[in-house]
Amino acid sequence: ISRKISHLYECVFRNHVAGDPIGKVPLADLSPEDLQAWLLRLADKPGRGGGTLSQQTLLHVYRYLGAALNAAVVRGLLDANPLRLVDAPKVKGDPSKIRAWTAGEARRFMTHLAASAAPNARMWRAVFGLVLATGLRRGEIAGLMWRDIDLVARTLTVARTRLAGQSDTSPTKTTGSSRTLHLCHEATKYVAELETIRDTNRERLGPAWADTGFLVVLPDGNPPEPDTITQRMRRDSATAGVPDVGLHGLRHTFATHLLKGGASLRHVQVMLGHANIATTQNYTHLSEDFVLEAYGKAHPRG
């Protein structure tokens with residue numbers, strides 16, 4: 001298990017298990033009633049964005065503890081996993097919360113960055129353009145390595161992710177998240193632009209340039225924090241005068257463009273790396289105006 005994932009598990013255990021009364025219950029005495037009460041207490045805990053913990057967070061914690069209890073069964077410490085008798089938290093997708101740009105907003109954002117004098121605007125335009133043209137998640141674009149790119153075959157392989165606060169990478173979100181994408185003409189141009197910027201900075205800095213292998217790097221060769229990517233997009237969206245839809249909004253815009261172009265739900269599911277096609281189906285409610293034309297007539301499957 002990677003140090004990153006291990007750290008996340010430790011945080012989950014410390015915050016939501018050890019710090020709860022259930023942490024004092026002997027493993028052999030753990031009952032479904034104890035676990036149900038634990039879930040109810042978790043549901044009342046405050047979340048980071050105000051209000052209580054989200055259902056998605058509750059589900060993550062439920063699955064984490066379930067995996068730990070399964071391991072206890074395998075090791076002979078428990079006869080059976082009592083959590084199996086407790087219903088998992090229900091998470092329902094809310095299509096109304098899916099945000100994306102209209103064609104005009106996407107064009108305005110990319111045009112703004114093309115003319116921007118802000119530091120590293122050229123690099124950031126290529127990064128955000130690549131996300132618009134591939135639908136990558138934030139962790140996927142942050143964890144992308146040059147060895148994942150084949151400009152001759154025009155392919156990009158999603159093989160890892162990089163989470164906030166961690167310097168190394170970890171496996172992708174799900175098995176389906178690992179995928180190889182064909183790069184359309186515009187996506188290829190953005191990758192080539194990042195390559196040119198990388199080579200220029202490497203030549204300029206010489207030994208001071210860090211060869212980290214990441215695709216998205218700052219002028220010194222080191223990758224930005226995933227949160228830095230989000231913050232940069234927020235600032236550029238504000239100065240461009242477009243809604244802040246976040247990195248995930250670029251992913252939504254890409255998906256909507258595919259669907260508008262006649263792609264099947266199954267094809268879009270594979271492109272986005274969704275484990276469940278029901279998640280992909282949430283995108284079908286978006287207005288036809290939410291179509292990406294920021295990079296001309298090129299089709300993301302091009």
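First, a word on what this report is: a plain description of the structure on this page.

1. Thoughts on the pattern of salt bridges
Consideration 1: Under the criterion given, the structure shown has twelve salt bridges.
Consideration 2: Among the salt bridges present, the one from Glu-140 reaches Arg-137, with a minimum N-O distance of 2.7 Å.
Consideration 3: Between Asp-199 and Arg-198 there is a salt bridge whose closest N-O contact spans 3.0 Å.
Consideration 4: Here Arg-198 falls in the buried class, since its relative accessible area comes to 14%.
Consideration 5: Each of Glu-195, Arg-198, Asp-199 and Arg-202 takes part in one network of salt bridges that share partners.

2. Comments concerning the packing of helix H5 (residues 121-134) against helix H9 (residues 246-260)
Consideration 1: At a minimum axis distance of 7 Å, the contact between H5 and H9 shows a crossing angle of 40°. As the angle between them shows, H5 and H9 are arranged oblique. Of the residues in H9, those in contact with Phe-128, Val-131, Leu-132, Ala-133 and Thr-134 of H5 are Leu-247, Leu-250, Thr-253 and Phe-254.

3. Comments concerning the packing of aromatic side chains
Consideration 1: Considering all chains together, one arrives at three aromatic pairs under this definition.
Consideration 2: Note on Trp-124 and Phe-128: the rings are 5.7 Å apart at their centroids and 20° apart in plane angle, and the pair reads as stacked. You can see Trp-124 and its partner Phe-128 sitting in helix H5, four residues apart, about one turn around the helix.
Consideration 3: Among the residues examined, Trp-124 registers a relative accessible area of 3% and is labelled buried.
Consideration 4: Here the aromatic cluster, defined as three or more aromatic residues joined through ring pairs, consists of Trp-101, Phe-109, Trp-124 and Phe-128.
Consideration 5: Positioned above the aromatic ring of Phe-214 is the side chain of Arg-162, whose terminal nitrogen or guanidinium carbon lies 5.1 Å from the ring centre.

Calculation criteria
Residues numbered from 1 in each chain as written. Predicted model: local features only at pLDDT ≥ 70, side-chain atom pairs only at ≥ 80, totals over all residues. Heavy atoms only, no water. Salt bridge = Lys/Arg side-chain N within 4 Å of Asp/Glu carboxyl O. Buried < 20%, exposed > 50% of the residue type's maximum accessible area, 1.4 Å probe, protein only. Axes fitted to C-alpha atoms, helices over the stretch in contact; angles between N-to-C directions. Helix = DSSP H or I, 4+ residues; strand = E, 2+ residues; numbered from the N terminus. Parallel < 35°, antiparallel > 145°, perpendicular 65-115°, else oblique. Contact = heavy atoms within 4.5 Å. Phe/Tyr/Trp six-rings, centres within 6.5 Å; stacked < 30°, edge-to-face > 60°. Lys NZ or Arg CZ within 6 Å of the ring centre and 35° of its normal.

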